[in-house]
Amino acid sequence: MLYNTIVSKTKKIIISCSVIGGAILILVACLLLVFLLKPKQGAELEAKTVGNHIYICTQPEQERTFKFKFVGDGVEKVFDSVSSQFDITELLWSGELSFGTEYQISYCLVEPTGILAGEFSEEISFVPTIRLDAPAITLDEQGSTISWQEVRGAEYYVLYYNDGGNTISCKVEGTSFGVSQIKGGERQIYVTSSSDQTYFYESEMSNVISCTVEHQLAEFESAYIDEQLNLHIIAAEIPPAITMFVGETEYTVEMQQCHVVALPQGYEIEFSVKLVYGGGEITVCPKGDDFNIFSGEPTTVSENNLV
């Protein structure tokens, strides 16, 4: 009886040891499998801008997916990607990530089942910025208005046109522009998208439209003669030339004879009338040409305008 009890206890001990040993072997095997299957630590990262897309890039890995981690403004966000070239452009436009925010970015590799992930790579610092899309402009059938579709991220647009050897620009708040507002002539016009935000860069130029512009010149806002007999004109724009009547005598004043100063709103045009002024009434108005037409009223300067 005693022998049977001892044998039974021995069997139980042997069985228990076998179970524990088996469990240990299984655990060791699982740990070894995890060690063998666990992806390696992420390698180096690089941020690239290609055209109007922003990518976070690393080396491709066979049978691995990727987790990209972004930490900025105290917020951590992790995104899954099947590609080592992670396009974050739409995440930025949608607000999941933010333009102009400095991010600490890292990534890790994930094995095919999605269960095991490697350690995150070293971080890189990156501030997302982007060049705005260029608008596509069209001219209406009347040849009077240029228009375009709103560009994402643009706060305003800049219209450019040629004037001889110079390029002139003007700011446009909306998405259309009446070409009669610019100086008349044969013009080549293009538009860019722009913003006051430092993380949005002005776009490349749009397509170019060629058109003939006929412009209505504005009346001068005011004019006076100073004590040195210099005539000062406050004008909204610079005309091709100036017509001046001293009494019944008409003079043409070319802009090369004038000193022009840009004002916050408009221009001040100055030229001497010492050789022609002897008192009496003077009137001045813009002098047009084939493309710039004046049909308003002249501005009168008389002796009581002297200062």
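What you are looking at is a predicted structure, and each value in this text was computed from that prediction instead of being measured.

Conventions we followed
- In this numbering scheme, every chain counts its residues from 1 along its sequence in written order.
- The model is predicted, so local features are restricted to residues of pLDDT at least 70 and side-chain atom pairs to those at 80 or more, both for listing and for counting; the totals for chains, interfaces and linings are taken over all residues.
- Each side-chain value is derived from all of the structure's non-hydrogen atoms; neither hydrogens nor water enter the calculation.
- Stacked, tilted and edge-to-face are the three classes applied to pairs of Phe, Tyr and Trp rings, where Trp contributes its six-membered ring and a pair requires centres within 6.5 Å; stacked means planes under 30 degrees apart, edge-to-face means over 60, and tilted covers the rest.
- Numbering of helices and strands runs from the N terminus; a helix is a DSSP stretch of H or I covering at least four residues, while a strand is a stretch of E covering at least two.
- Exposed residues in this analysis have more than 50% of their type's maximum accessible area, buried residues have under 20%, and partly exposed residues fall in between, with area computed by a 1.4 Å probe over protein chains only.
- We count a charge as sitting over a ring when the NZ of a lysine or the CZ of an arginine lies within 6 Å of the ring centre and within 35 degrees of the ring normal.
- A pair of strands is labelled paired if DSSP reports no fewer than 2 bridges between them.
- For this analysis, a polar contact is any N or O atom pair within 3.5 Å, provided that within protein one partner can donate a hydrogen and the other can accept it, and provided that sequence-adjacent residues contribute only side-chain to side-chain pairs.
- It only takes one pair of heavy atoms within 4.5 Å for two residues to be counted as in contact.
- Only C-alpha atoms enter the line fits that serve as axes; for helices the fit covers just the stretch in contact. Angles between N-to-C directions range over 0 to 180 degrees.
- One side-chain nitrogen of Lys or Arg within 4 Å of one carboxyl oxygen of Asp or Glu is enough to make a salt bridge.

1. A look at the packing of aromatic side chains
- By the definition in use, this model includes 15 aromatic pairs.
- Ring geometry for Phe 70 and Phe 86: centres 6.3 Å apart, planes at 55 degrees, overall tilted. Residue Phe 70 is located in strand β3 (residues 65-72), and its partner Phe 86 is located in strand β5 (residues 85-87); the two are separated by 16 residues in the primary sequence.
- A relative accessible area of 8% means that Phe 86 is categorised as buried.
- Taken together, the aromatic side chains of Phe 66, Phe 68, Phe 70, Phe 79, Phe 86, Tyr 103 and Tyr 107 make up a single cluster linked through ring pairs.
- A cation sits over an aromatic face here: Lys 69 above Phe 120, 4.2 Å from the ring centre.
- Cation over ring: Lys 171 sits above Tyr 156, and NZ or CZ is 4.3 Å from the ring centre.

2. Let's talk about the pairing of strand β23 (residues 267-272)
- Relative to β23, strand β19 (residues 230-235) runs antiparallel, the two sharing six bridges. Each bridged residue has a counterpart across the sheet, and for Ala 235 the counterpart in β23 is Tyr 267.
- Looking at chain direction, strand β22 (residues 259-262) and β23 are connected through four bridges and run antiparallel. Looking across to β23, one finds that Val 260 is bridged to Ile 269.

3. As for the side chain of Ser 206
- Within the secondary structure layout, Ser 206 lies in the loop between β15 (200-201) and β16 (209-213).
- The class for Ser 206 is buried, based on a relative accessible area of 7%.
- Engagement of the side chain of Ser 206 in a polar contact is seen with the backbone nitrogen of Val 191, the distance being 2.9 Å.
- Contacts of Ser 206, omitting those with residues within four sequence positions, involve Ala 134, Pro 135, Ile 137, Tyr 190 and Val 191.

4. Digging into the sheet that holds β19
- Ordered by their spatial adjacency, four strands build an open sheet running β18-β19-β23-β22, and the pairing between neighbours is antiparallel. Each edge of the sheet is formed by a strand with only one pairing partner; in this case those strands are β18 (222-225) and β22. Neighbour-to-neighbour, the strand axes of the sheet open up by a mean angle of 15 degrees, direction not taken into account.

5. Notes on unusual backbone geometry
- Even without glycine at this site, Asp 73 takes up a positive phi of about 55 degrees.
- Residue position: Asp 73 is located in the loop between β3 and β4 (75-81).
- The exposed category is assigned to Asp 73, whose relative accessible area is 69%.
- Residue Leu 229 is not a glycine yet carries a positive backbone phi of 60 degrees.
- Within the fold, Leu 229 resides in the loop between β18 and β19.

6. Some thoughts on the pattern of salt bridges
- Tallied over the entire structure, the rule returns six salt bridges.
- Ionic pairing is found between Arg 131 and Glu 204, a salt bridge with its closest N-O pair at 3.9 Å. A residue pair is termed long-range when its members are at least 10 positions apart, and Arg 131 in strand β8 (residues 130-131) and Glu 204 in the loop between β15 and β16 qualify at 73 residues.
- Exposure remark for Arg 131: the relative accessible area of 33% places this residue in the partly exposed category.
- Residue classification places Glu 204 among the exposed residues on the basis of a relative accessible area of 52%.
- One salt bridge in this structure joins Arg 187 and Asp 163, with 3.8 Å as the shortest N-O distance. Pair noted here: Arg 187 is in strand β14 (residues 185-194) and Asp 163 is in strand β11 (residues 156-163), with a separation of 24 residues, a long-range link.

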